[in-house]
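# A structural walkthrough
The primary structure of each chain is shown beneath.
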2 protein chains.
Amino acid sequence: MSTLVPAGARAHLARRATTVRQSAVRDVFDIAMDPDLVSLAGGNPWLSGLPLEELGATAQRLIAQQGTASLQYGPGQGLASMRAAACTVMAADGIPDADPELVVITPGSQAAIDTACRAFADPGDVVVVEDPTFVGALTSFQTWELAAVATPTDEHGLVPEELDATLTRLAAEGRRVAFLYTIPSFANPSGLLLPAERRERVAEVCARHDVLIVEDNPYGQIAFDGEPVAPIAAAHRDRTVYLGTMSKIFSPGVRVGWALVPEALHREFYLCAESAFIHASTTSQMLATAFVTEFDWQGHVREVTGLYRARAAALQDALTEHWDPAFEYTPPAGGFFLWGSLPAGVDTVELMREGIAAGAVFVPGAAFTPVEGVHSTLRLAYSFVDEETLVEGVRRLAPVVDGAVAGRG
Amino acid sequence: MSTLVPAGARAHLARRATTVRQSAVRDVFDIAMDPDLVSLAGGNPWLSGLPLEELGATAQRLIAQQGTASLQYGPGQGLASMRAAACTVMAADGIPDADPELVVITPGSQAAIDTACRAFADPGDVVVVEDPTFVGALTSFQTWELAAVATPTDEHGLVPEELDATLTRLAAEGRRVAFLYTIPSFANPSGLLLPAERRERVAEVCARHDVLIVEDNPYGQIAFDGEPVAPIAAAHRDRTVYLGTMSKIFSPGVRVGWALVPEALHREFYLCAESAFIHASTTSQMLATAFVTEFDWQGHVREVTGLYRARAAALQDALTEHWDPAFEYTPPAGGFFLWGSLPAGVDTVELMREGIAAGAVFVPGAAFTPVEGVHSTLRLAYSFVDEETLVEGVRRLAPVVDGAVAGRG
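Residues numbered from 1 in each chain as written. Chains lettered and ligands numbered in written order. Predicted model: local features only at pLDDT ≥ 70, side-chain atom pairs only at ≥ 80, totals over all residues. Heavy atoms only, no water.

For chain A, an unreviewed UniProt entry supplies the name DNA-binding transcriptional MocR family regulator and the organism Micrococcus flavus. In UniProt, chain A has this text filed under Cofactor (unreviewed entry): "pyridoxal 5'-phosphate". (UniProt positions renumbered as here; feature names shortened; annotations may be inferred.)

In this section: the UniProt feature "domain: Aminotransferase class I/classII large" (unreviewed entry) in chain A. Taking the numbering used here, the UniProt-annotated feature "domain: Aminotransferase class I/classII large" (unreviewed entry) corresponds to residues 39–397 of chain A. The annotated region residues 39–397 of chain A carries 44% helix and 15% strand content, and the separation between its end C-alpha atoms amounts to 11 Å. (Helix = DSSP H or I, 4+ residues; strand = E, 2+ residues; numbered from the N terminus.)

With that out of the way, let us pick up the state of the cysteines. All names here are of chain A. All chains considered together, the criterion is met by 0 disulfides over all chains. Unpaired in terms of disulfides, Cys206 finds its nearest cysteine sulfur in Cys117, a separation of 16 Å. Here Cys272 stays free of any disulfide, with the sulfur of Cys117 as its closest cysteine sulfur at 11 Å. Given a relative accessible area of 0%, Cys272 falls into the buried group. (Disulfide = S-S within 2.5 Å. Buried < 20%, exposed > 50% of the residue type's maximum accessible area, 1.4 Å probe, protein only.)

Residue and element names in this part refer to chain A. Across 5 bridges, strand S3 (residues 126–130) lies against strand S4 (residues 147–151) in parallel orientation. Across the sheet, the residue bridging to Glu130 is Thr151, located in S4. Considered for its hand, the β-α-β crossover made up of S3, helix H8 (residues 135–143) and S4 is right-handed. (Pairing = 2+ DSSP bridges. Right-handed = clockwise from strand over helix to strand, strands pointing away.)

In this section: the relation of the copies chain B and chain A. Rotating chain B by 180° and moving it 0.0 Å along the rotation axis overlays it on chain A with an RMSD of 0.0 Å. Here the transformation between the copies is reduced to the relation of a two-fold axis. Across chain B, the smallest distance between a C-alpha and the rotation axis is recorded for Gln60 of chain B, namely 2.4 Å. By residue overlap, the copies meet face to face through one surface: 100% of the interface positions of chain B are interface positions in chain A. (Least-squares fit on C-alpha atoms with pLDDT ≥ 70 in both. Contact = heavy atoms within 4.5 Å.)

Residues and elements named next belong to chain B. According to the stated counting rule, one finds 38 salt bridges over all chains in the structure shown. Here Asp97 and Arg237 are joined by a salt bridge, their closest N and O atoms 2.7 Å apart. Highlighted residues: Asp97 in the loop between helix H6 (80–93) and strand S2 (103–106) and Arg237 in the loop between helix H11 (232–235) and strand S9 (240–245), separated in sequence by 140 residues. The shortest N-O distance in the salt bridge between Asp154 and Arg198 comes to 2.7 Å. Placement of the pair is Asp154 in strand S5 (residues 153–154) and Arg198 in helix H10 (residues 196–208), with a sequence separation of 44 residues. (Salt bridge = Lys/Arg side-chain N within 4 Å of Asp/Glu carboxyl O.)

Contact with chain B, which involves 97 residues of that partner, is made by 97 residues of chain A. For the pair chain B and chain A, the summed buried surface comes to about 7,900 Å²; carbon and sulfur atoms form 57% of the total. Where chain B touches chain A, the interface holds 6 salt bridges. With a shortest N-O distance of 2.7 Å, Arg10 of chain A and Glu268 of chain B are connected by a salt bridge. For the interface between chain B and chain A, the tally reads 42 residue pairs in polar contact (both at pLDDT 80 or more). Looking at the side of chain B that touches chain A residue by residue, the classes come out as 47 nonpolar, 30 polar and 20 charged. (Buried area = accessible area lost by both parts, 1.4 Å probe. Polar contact = N/O pair within 3.5 Å; in protein donor to acceptor, adjacent residues only side chain to side chain. Nonpolar A, V, L, I, M, F, W, Y, C, P; charged D, E, K, R; others polar.)

All names here are of chain A. Once the domains are mapped, chain A shows domain 1 (6–50 + 299–408) and domain 2 (72–294). Each of domain 1 and domain 2 has a C-alpha centre, and these two points are 24 Å apart. Listed per partner, the contact involves 32 residues of domain 1 and 33 residues of domain 2. Connecting domain 1 to domain 2 are 2 salt bridges. Of the charged contacts, one joins Glu145 and Arg16 as a salt bridge, the two residues approaching to 3.6 Å between their closest N and O atoms. Taken together, domain 1 and domain 2 are joined by 10 residue pairs in polar contact (both at pLDDT 80 or more). Only helix H2 (15–19), helix H14 (297–322) and strand S12 (337–341) provide two or more residues apiece to the side of domain 1 that touches domain 2. Looking at the side of domain 1 that touches domain 2, the element that brings in the most residues is H14, giving 6 residues. Residue composition of the side of domain 1 that touches domain 2, grouped by class: 18 nonpolar, 9 polar and 5 charged. (Domains from an automatic or database assignment.)

Right, here's the structure in full:
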């Protein structure tokens, strides 16, 4: 029998697979498991506040009494009960009238992003993104052989005039734009919140260019001050594919997300989803549905939002106390992340390595941008770390930051 | 605000999405929900024999006591415990020494098939398939813009010499063959079992042509007579991507499958999987792991295999009694399906419609082949229907079959 040697084996890889890179976030996932390290890397939600005893009893009931349904195949579009639960969550997001018939349940919203690529993008197409943007989306775009093109942002997120210019330029270049991918509320990683009036202008620009919008909103309800800003999809349903998820308000482990799809595109989106994974876990869908219909899920969201708000404040206090003021950031108004930058020229990938040696880990900005080169940006996640440990992490990283700033001075 | 009209909206679809078709199996899924209809369509496993009370207690414990882990993100490759459980299942499949480090857990094995396309196939590549083959695989290949090319089979499955000729012809045509996709044991839909000596020759042919094998084995342990035949991967690990699943031996609702990947290709496969869905449900993985480590899972497999054997026998008896002998089939030796054909020229898509009107539904052969045209083949699933109902379904369909045969006489 002939044996594949690694060099020969690589001839079996698709082009895309020869260039697929591990997400820097996942790369540090294993490192971040080291109990001696303070991890400011992963955006895990805080789960200890969940009513675990009661959820356990619910899971018991779903299997013992309804096991022939909860362990069986279900409809490809998702269970009707879960689609209704998704509409309940979307109402709290600011979309009061979502039609459950237009919802497709996916095994997490990464799978919904990936399905959007499958349904709407041909190889070589452009996806317009904020810079920085979600690393998981960039990896999905890469495997579908799409070009992620950054459109400029400011401290309020997408700049509609710049988006207009970007789309005009791409049209002049003859590029097909599959969609705008945007996280308007407390974006991962930037933490920015796109104001309501900009949302309208972004929708107007996309309509004028006839560009579809994929609006990813995992963090919208994690708002530190007041109510969530209504999603773009609320007023522009027919050109927006809206992505929601149970991951940040309940559990990422169940892997239940969804897309609310314009009616004219719904069937193809659903068939593309089914071709990828048939359907999301029935067991998970029934547990997530129970959380929305039988528990005080909004009370839980309020509770964890308060916790994240306090952690974000503690992180900022620690940064003020321990880090060189050359580290600049926009204070987060919601979500899981603080995004900032050091003076130009600092390489935060190198800084990350030094940070790990000093006992704390974050994610360097290079992970979140389609733009090659040295990046001086970094993301600090405060969602999963208690206040004392956050302060300790900042303290450990302080000399590393000082060294980097001094090295540029 | 401009409004997308459906015609305009379709301009937003990817090429692949304009041609994606609903799997005929899934299409009849909704129809098959009609309680007045006898469904011989869906390949659902029989779940009533599961120890649901005890599994419910396990689920309770996993959430109440380990909820901060079972509801949280996990490693992209899958939980170490689930990868070990997958190796236990593969040992019973006939692969005694699988390395858990080379296993990637996926949300069902459809997602593993789809990941194989992502990792190994460029648009325009060929996937060589048995004809007929699994409809879900064909749909996945279609969305990755791959050409499924059928290689001839006989009553024992793949014919190695024909495979050699097919690969020689494709090489002469300058086509890149991404992989051979094969279901050697009790295939869906054909039910055929590839003998051990043919497995060796198939591996030899693929080695000679340097073609990767994707071996899908959901039904291997559902063997009516004796032990499972060892998978191709058992002796040819370095050129075979082996796909396993909990769907047929435990539960399809948990959506837990896996791939055992050659070492030289493992990392790229894993990264491609992660880009599609991050990881399979942690909750589901922990429940599936518990089923393998804490329950008499092999006793359950023996029990349902006995049940499926009895149902297959009852189905064949009913066919002998009620259907025209012009319906020819190979008696299944395992798995969920009986595959047969009516005289050439009979269109079983039309027959399916008549069958539904007569009160019973099956899946027409057209669903399972990449070859266009009229097909006289059909699939009868016996896994989920009790013996009495199987007989009733056959009885209801008999006049429809008679009419079709007479129409051709």
